[in-house]
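As a plain string of letters, each chain reads:
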Amino acid sequence: MPLNHCLEWPASSVDRAMAAWWSSCDRPRRLAVACSGGADSVALLLAACRLIREQKALPALSAPSPFEIVALHVHHGLQPAADAFVQHVQALATEVQRVVQGVHPQIAFSLQVRRVAVEVPSGCSLEARAREARYEALADMAHQVGSDVILLGHHADDQAESVLLALSRGAGVAGLAAMAPHFERHGLRWGRPLLNLPGQELRTWLRRHDVSWIDDPSNTDLRFTRNRLRHEVLPAFHSAFPAIRSSLARSARLAAEADGLLQVLAGQDLEQMGLPPQIDRLRKLARPRQANALRHWLKQQHGAIGSEAQLRALLDVIAARATRGHHIHIRVGQGYVEDAGPHLVWIADPRG
């Protein structure tokens, strides 16, 4: 895969998206880029490397701390094609390293590969477990190489699928916010610079410059919900509403704004009632604000996410306790909310 002139290609929408992300963040000394070998992550990696065309886009290049780009690849071992993905990414990394260091010897480029075994407990989704294992492996590799920033190659089509998936599950504003352009997890900052670009635009950019990638065979497996959305639902939506992707992206942004305001309100309410929440002070709030504060407390303090039915049952018992003295013991997530004197507490169920 010859990339001799990749740093000299004309500026594109991909470069502009990367530059916009770069200008909005605290610029790291080491930039980790998740690279599966698919079109989106290959485009992301090349766009990240093309940042070095502009000296002003980089931290000061001085020894002993040169700027470094690290490609991170996770081998799930879930399909026979996994080894081919590793080989493709290794070949890409070798070529990128040669080109980058030929232009800026001070800039380091490397590849980290991690093999993981995905365990799927009974009742859990293979998709969800594989995704979480990937995030954990990426975070661990980033920590090992000393990077506190990881870039992901999600694009506008992925965002549209995420919004539709959230709608199909009856999600609230937090779910409809879908994928954030910036977020924190595992003690790291994560970014999605290409989130506003259609996947086809990324593939067109790569084809224009004769850059190859590998298509994941599992992406056509209609047993997976996201693939059914990608291959059956979204094309039908797009046929009827050509602007559906940008419309769903706008809905995600508006939902994220609303969710941010709800989190601020929840934080203010919890500050007034204390932690753990005082039941009498909680009951003084309107029921929607009670629900909002409880969701925030459970998620932020305990990592517990309950269903709508569980939260309704909890609110009903809290209301009944004022007149009937009910003891509170309601299942929420993987544990129980109980009353401990004047306060609510959440206790994990040891059985899960």
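Cut-offs used in this document
Numbers given to residues run from 1 along each chain, matching the order in which its sequence is written. Per-residue local features are limited, in this predicted model, to residues with pLDDT of at least 70; the limit for side-chain atom pairs, both in listing and counting, is 80 or more; totals at the level of whole chains, interfaces and linings are taken over all residues. Processing note: side-chain calculations cover all non-hydrogen atoms of the structure and skip hydrogens and water entirely. A strand pair is defined by DSSP finding two or more bridges across the two strands. Starting at the N terminus, helices and strands are each numbered in turn, a helix being any DSSP run of H or I of at least four residues and a strand any DSSP run of E of at least two. Throughout, an axis means a line fitted to C-alpha atoms (over the contacting stretch in the case of helices), and angles, computed between N-to-C directions, take values from 0 to 180 degrees. Pairs of residues are marked as contacts when any of their non-hydrogen atoms sit within 4.5 Å. The labels follow the angle: roughly parallel below 35 degrees, roughly antiparallel above 145, roughly perpendicular from 65 to 115, and oblique for the rest. Should the near helix be turned anticlockwise from the far one by less than a right angle, the crossing is left-handed, and should it be turned clockwise, the crossing is right-handed. In this count, Pro and Cys sit with the nonpolar residues alongside Ala, Val, Leu, Ile, Met, Phe, Trp and Tyr, while Asp, Glu, Lys and Arg are called charged and the others, Gly among them, polar. Aromatic contacts are taken between Phe, Tyr and Trp rings whose centres are within 6.5 Å, Trp giving its six-membered ring; a plane angle under 30 degrees counts as stacked, one over 60 as edge-to-face, and the others as tilted. Relative accessible area decides the class of each residue, using a 1.4 Å probe on protein chains only: under 20% of the type maximum gives buried, over 50% gives exposed, and in between gives partly exposed. Should the NZ of a Lys or the CZ of an Arg lie within 6 Å of a ring centre and within 35 degrees of the ring normal, that charge is described as sitting over the ring. Each helix should span, by expectation, one fewer than its residue count multiplied by 1.5 Å. A score between 0 and 100, pLDDT records how confident the predictor is in each residue. Residues enter a patch when their relative accessible area is above 30% and they make no salt bridge; the linking distance is 9 Å between like charges and 5 Å between nonpolar side chains (Val, Leu, Ile, Met, Phe, Trp, Tyr). Only the protein chains shown count as cover for residues, and all accessible areas are computed by the Shrake-Rupley method using a 1.4 Å probe. Any Lys or Arg side-chain nitrogen found within 4 Å of a carboxyl oxygen on Asp or Glu counts as a salt bridge.

## Looking at the pairing of strand β8 (residues 335-340)
Okay, so step 1: Judged from the four bridges that link them, strand β7 (residues 329-332) and β8 form a sheet pairing that is antiparallel. Across the sheet, residue Ile330 finds its bridge partner in β8, namely Val337.
Okay, so step 2: Direction of pairing for β8 relative to strand β9 (residues 343-348): antiparallel, over a ladder of six bridges. What sits directly across from Asp339, in β9, is Leu344.
Okay, so step 3: Joining the antiparallel neighbours β8 and β9 is a turn of two residues, in which Gly341 adopts a positive phi near 65 degrees.

## Section: the sheet that holds strand β1 (residues 30-34)
Okay, so step 1: Spatially, six strands are ordered β3-β2-β1-β4-β6-β5 in an open sheet, and the strand pairing comes out mixed. Bordering the open sheet on either side are β3 (108-115) and β5 (182-185), each of which pairs with just one other strand. Here the strands of the sheet are splayed against their neighbours by 25 degrees on average, with no regard to which way each runs.
Okay, so step 2: Pairing between strand β4 (residues 149-151) and strand β6 (residues 188-191): three bridges, direction parallel. For Ile150, the partnering residue across the bridge sits in β6 and is Trp190.
Okay, so step 3: Contacting β1, β4, β5 and β6, helix α1 (residues 13-23) crosses the sheet at an angle of about 160 degrees to β4.
Okay, so step 4: Docked against the sheet, helix α2 (residues 39-49) engages β1, β2 (68-75), β3 and β4, running at close to 160 degrees with respect to β1.

## Quick look at the packing of α1 against α2
Okay, so step 1: Put simply, α1 and α2 touch, their axes get as near as 9 Å, and they point 65 degrees apart. Our classification of the angle between α1 and α2 gives roughly perpendicular. α2 is crossed by α1, and the crossing has right-handed handedness. Counting all contacts with α1, which are made through Val14, Asp15 and Met18, the residues of α2 involved are Ala43, Leu44, Ala47 and Ala48.
Okay, so step 2: Split into classes, the residues belonging to the contact of α1 with α2 amount to six nonpolar, no polar and one charged.

## Remarks on the sheet that holds β9
Okay, so step 1: Read across the open sheet, the three strands follow the order β7-β8-β9; overall the sheet is antiparallel. Each edge of the open sheet is held by one strand with a lone partner, namely β7 and β9. Neighbour-to-neighbour, the strand axes of this sheet turn through a mean angle of 30 degrees, independent of strand direction.

## Things to note about the packing of aromatic side chains
The description of an aromatic ring pair rests on the distance of the ring centres and on the angle between the ring planes.
Okay, so step 1: For the coordinates displayed, the defined rule picks out six aromatic pairs.
Okay, so step 2: The interplanar angle of 85 degrees and the centroid separation of 5.9 Å between the aromatic rings of Trp22 and Phe67 together place this pair among those described as edge-to-face. Within this pair, whereas Trp22 is found in helix α1, its partner Phe67 is found in the loop between α2 and β2, the two being separated by 45 residues in sequence. Assigned by exposure class, Trp22 and Phe67 land together as buried.
Okay, so step 3: Judged by centre distance (5.2 Å) and plane angle (65 degrees), the ring pair of Tyr135 and Trp190 falls under edge-to-face. One end of the pair, Tyr135, is in helix α4 (residues 126-145); the other, Trp190, is in strand β6, with 55 residues separating them in the sequence.
Okay, so step 4: Here the aromatic residues Trp21, Trp22 and Phe67 are joined through ring pairs into a cluster of three or more.
Okay, so step 5: Directly above the aromatic system of Tyr135 lies the positively charged group of Arg185, at a separation of 4.5 Å from the ring centroid.

## Remarks on the environment of Trp21
Okay, so step 1: Relative to the elements of secondary structure, Trp21 occurs in helix α1.
Okay, so step 2: On the basis of relative accessibility, which here comes to 6%, the residue Trp21 falls in the buried class.
Okay, so step 3: Measuring from C-alpha to C-alpha, the distance between Trp21 and Ile347 comes to 41 Å, with 326 residues separating the pair along the chain.

## Comments concerning the packing of α2 against helix α7 (residues 199-208)
Okay, so step 1: α7 packs onto α2 with a crossing angle of 65 degrees between their chain directions and a minimal axis gap of 9 Å. The hand of the α2/α7 crossing is left-handed. Residues Ala39, Asp40, Val42, Ala43, Leu46 and Ala47 of α2 form the contact with α7, whose own contacting residues are Leu202, Arg203, Trp205 and Leu206.
Okay, so step 2: Among the residues making up the contact of α2 with α7, the classes are represented as eight nonpolar, no polar and two charged.

## Remarks on helix α11 (residues 287-302)
Okay, so step 1: In this model α11 runs 22 Å from its N-terminal to its C-terminal C-alpha over 16 residues, within 8% of the 22 Å that 1.5 Å per residue would give.
Okay, so step 2: Among the residues making up α11, those that are buried are Gln290, Ala291, Asn292, Ala293, Leu294, His296, Trp297 and Leu298.

## Considering the confidence of the model for the protein chain
Okay, so step 1: When pLDDT is averaged across the protein chain, the result is 88; 92% of the residues are at 70 or more.
Okay, so step 2: Across the protein chain, β4 holds the top mean pLDDT of 96, while helix α12 (residues 308-324) sits lowest at 87.

## A look at helix α3 (residues 82-103)
Okay, so step 1: The end-to-end C-alpha separation of α3 is 32 Å, in line with the 32 Å expected for 22 residues at 1.5 Å each.
Okay, so step 2: Here α3 has its buried residues at Ala82, Phe85, Val86, His88, Val89, Leu92, Ala93, Glu95, Val96, Val99 and Val100.

## Observations concerning a nonpolar patch on the surface
Okay, so step 1: A cluster of nonpolar side chains, Val233, Phe237 and Phe241, forms an exposed patch at the surface whose accessible area comes to about 240 Å².
Okay, so step 2: Here Phe237 lies in helix α8 (residues 225-240).

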